[in-house]
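Survey of secondary and tertiary structure
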Amino acid sequence: MELFGLLDVQRGSNMKGSDLLVAALENEGVDRIFGVPGEENLDVVESLRRSSIELVVTRHEQPAAFLAATYGRLTGKPGVALSTLGPGALNFVTGAAYGFLGGMPMVLITGQKAIRQSRQAHFQIVDVVAAMRPLTKQSQQIVSASSIPTLVRNAFRVAAEERPGPVHLELPEDVAAEEAGDAPLVPAHAAELPVPSPEAIERASDLILTAKSPLLMFGAGASRPQLAPALSDFVRRVRIPFFNTQMGKGAVGGASDFYLGTAALSERDYVHKAIDRADLIVTIGHETVEKPPFLMSQGRHQVIHIGFVSATVEEVYFPQAEVIGDIAKGLDLLAGQLEGRLKTNPDWAVLRKDILDHITDRAEEDRFPLTPQRIVHDVRQVMPPDGIVALDNGMYKIWFARNYRTDVANTLLLDNALATMGAGLPSGMMAALLYPQRRVLVVAGDGGFMMNSQELETARRMKLSLVVLIIEDHAYGMIRWKQAVDGLADWGLTFDNPDFVAYAAAYGARGRRVTTASGLAPALEEAFSAGGLHLITVPIDYSENIRVLVDELRHMQD
């Protein structure tokens, strides 16, 4: 039953603060909230029960925040997560940092003890508002019910405006229970972005026209959901080769003839042959929270920064020119200055073939356990262009970033900002919830998967159609690789696993173990065809980490 309308709220004199909060959330178009309520949220829970908003109870607060952040990442609208006070609220911390560094709009609502009395002294009380302040765009306690409409409207506005991120609101239980009075809701309106100045467009155009080998780079900010058509149109009109950062992957489809690869490493990879050849790099949507895709130095490259907000100047990133404002409009204006005036250097086509040939080398090698290249290859075979792969964080992430070709924006979800383990499963769950007709695959290492594996129950309860692929090496593989690269002893990073097939069955999912080199693609295809929740585990041979990412790349540089 829907108690509250979106704008025409018929409030009686007994409307509480919690009722007004839920009405304000409905006013923002919220249809789901994720989280683990507590005693201090019971008024909010009751108000949600009588509203149009679905409360999705998760098994831990951290994945609830990951779900909300991924909703923001994929829709551009803030996702919402709910927790109680103290320990529940502090479990939001990693998710808040995930959204803050990753540029994902979200609103975190936490409970608190009554602020007008102290009948339980300091039991469970920590200063959550202060704890959240460095990890959010704004953190604030609600001190009166009448202020709720304006605070909620402002929270959603701040969360969604560039650069997007989390906003935290704390609602004490006595404020949630107090009579709200006559506090009208605040209508939402679209945010407007400024158009880049003509002078900035002119400067950028002049630099590009005088460059001998200009190169485009698409960063995390280029992956905003609304930007994909404008970015592809810009590449088509100016015909400049491009590469992307890990989080910019898919901003322009990898099937483009101008695609040169992904900068999965900061230097010395094959794509850096193109970066080294360029005399001008035009970065579009680059955010320096990402691990650097290239290391800028004096006298090496000139750089133009095109972004929603000004560049953050770093030791390895200090652009000589900037175009700030609405990226789509700025690129359209810039293309108008450049279209038909640039000639593509034929050497780029030769270099592109060399880069992509190296990336796809040994992708079909018939070795068991499977190599990272073979796993990426087989996943690509069963995923349609609009299929979504949600990566957790581990060594395999570098291989997917380098080798997996994307044709549609936001179809390879990875985190190269906070780069936290445990986010892959919740991210895939949100993608499956938003796009039930598309294939969604979670790829997680055995370490990262177990950090939030309890959410299999949530996925099952939500009746999601989702396939989870666990890459099993019985170790924290990326750190183990770095340990080997640094010449240190192999120690302290291995563990045992449960029987993942039985583990899946315990949660009501269907489990399967890949036992041959040719078994992965058929297992994935069968799972997707059957629908429902599946878990597939595959062993991996990580010896390729040293052969390719150390020895081969070192030889290339030599």
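Below is a summary of the structure that appears in this document. (Residues numbered from 1 in each chain as written. Predicted model: local features only at pLDDT ≥ 70, side-chain atom pairs only at ≥ 80, totals over all residues. Heavy atoms only, no water.)

The contact between helix α1 (residues 17-27) and helix α7 (residues 148-160) brings their axes to 9 Å, and the two run at 35 degrees. Here α1 and α7 pass one another in a crossing that is right-handed. On α7, the residues that touch Gly17, Leu20, Leu21, Ala24 and Leu25 of α1 are Ile148, Pro149, Val152 and Phe156. In terms of residue class, the contact of α1 with α7 is made up of 8 nonpolar, 1 polar and no charged. (Axes fitted to C-alpha atoms, helices over the stretch in contact; angles between N-to-C directions. Helix = DSSP H or I, 4+ residues; strand = E, 2+ residues; numbered from the N terminus. Left-handed = near helix turned anticlockwise from the far one by under 90°. Contact = heavy atoms within 4.5 Å. Nonpolar A, V, L, I, M, F, W, Y, C, P; charged D, E, K, R; others polar.)

Looking now at the pairing of strand β7 (residues 214-218). Of all 5 residues that make up β7, 5 are buried, and the element is covered over most of its length. The side-chain alternation of β7 yields two buried faces, one formed by Pro214, Leu216 and Phe218 and the other by Leu215 and Met217. Sheet topology note: the β7/strand β10 (residues 280-284) ladder contains 5 bridges and is parallel. What sits directly across from Leu216, in β10, is Val282. Note on the crossover from β7 through helix α10 (residues 228-238) to strand β8 (residues 242-244): the handedness is right-handed. (Buried < 20%, exposed > 50% of the residue type's maximum accessible area, 1.4 Å probe, protein only. Pairing = 2+ DSSP bridges. Right-handed = clockwise from strand over helix to strand, strands pointing away.)

Most of helix α16 (residues 424-434) is tucked away, with 10 of its 11 residues classed as buried. Restricting attention to buried positions, one finds in α16 the residues Gly424, Leu425, Pro426, Ser427, Gly428, Met429, Met430, Ala431, Ala432 and Leu433.

If you walk through the whole model with that rule in mind, you get 9 aromatic pairs. When the ring of Phe218 is compared with that of Phe242, the centres are 5.5 Å apart and the planes differ by 75 degrees; the resulting orientation is edge-to-face. With Phe218 in strand β7 and Phe242 in strand β8, this pair connects stretches of sequence that are 24 residues apart. By relative accessible area, which is 0% here, Phe218 ends up buried. Note on Phe449 and Tyr503: the rings are 6.3 Å apart at their centroids and 75 degrees apart in plane angle, and the pair reads as edge-to-face. Linking Phe449 in helix α17 (residues 446-449) with Tyr503 in helix α20 (residues 500-506), this pair joins segments that are 54 residues apart in sequence. Given the relative accessible area of 2%, Phe449 is considered buried. What makes Tyr503 buried here is its relative accessible area of 17%. (Phe/Tyr/Trp six-rings, centres within 6.5 Å; stacked < 30°, edge-to-face > 60°.)

What follows concerns a nonpolar patch on the surface. A cluster of nonpolar side chains, Met451, Tyr476 and Ile479, forms an exposed patch at the surface whose accessible area comes to about 280 Å². Following the sequence through the fold, Met451 ends up in the loop between α17 and α18 (455-461). Relative accessible area serves as the criterion here: at 39%, Met451 is assigned to the partly exposed category. (Patch = residues over 30% accessible without salt bridge, like charges linked within 9 Å, V, L, I, M, F, W, Y side chains within 5 Å. Areas by Shrake-Rupley, 256 points an atom, 1.4 Å probe, with all protein chains shown as cover. Salt bridge = Lys/Arg side-chain N within 4 Å of Asp/Glu carboxyl O.)

For the rest of this paragraph, the subject is the pattern of salt bridges. One pass over the full model with this rule turns up 34 salt bridges. A salt bridge links Asp357 to Lys353; the shortest N-O distance between them is 2.7 Å. Placement of both Asp357 and Lys353 in helix α13 (residues 347-359) is noted, with a separation of 4 residues, approximately one turn of the helix. For Asp357, a relative accessible area of 39% corresponds to the partly exposed category. Salt-bridge contacts for Asp386 lead to Arg438; the nearest nitrogen and oxygen are separated by 3.8 Å. Taken together, the residues span a long stretch of sequence, with Asp386 in the loop between α14 (372-382) and β13 (388-391) and Arg438 in the loop between α16 and β15 (440-445) at a distance of 52 residues. For Asp386, a relative accessible area of 33% corresponds to the partly exposed category. Under the relative-accessibility criterion, Arg438 is labelled partly exposed at 21%.

Grouped together as the largest cluster of nonpolar side chains are 89 residues, with contacts concentrated most on Ile375, Val379, Val389, Phe400, Leu441 and Phe449. By residue number, the principal contributor to this core is helix α3 (residues 61-75), which donates 8 residues. Counting residues in each nonpolar core, the second largest holds 54 residues, with Ile208, Phe234, Phe258 and Phe318 among its members. (Core = buried A, V, L, I, M, F, W, Y, C linked by side-chain atoms within 4.5 Å.)

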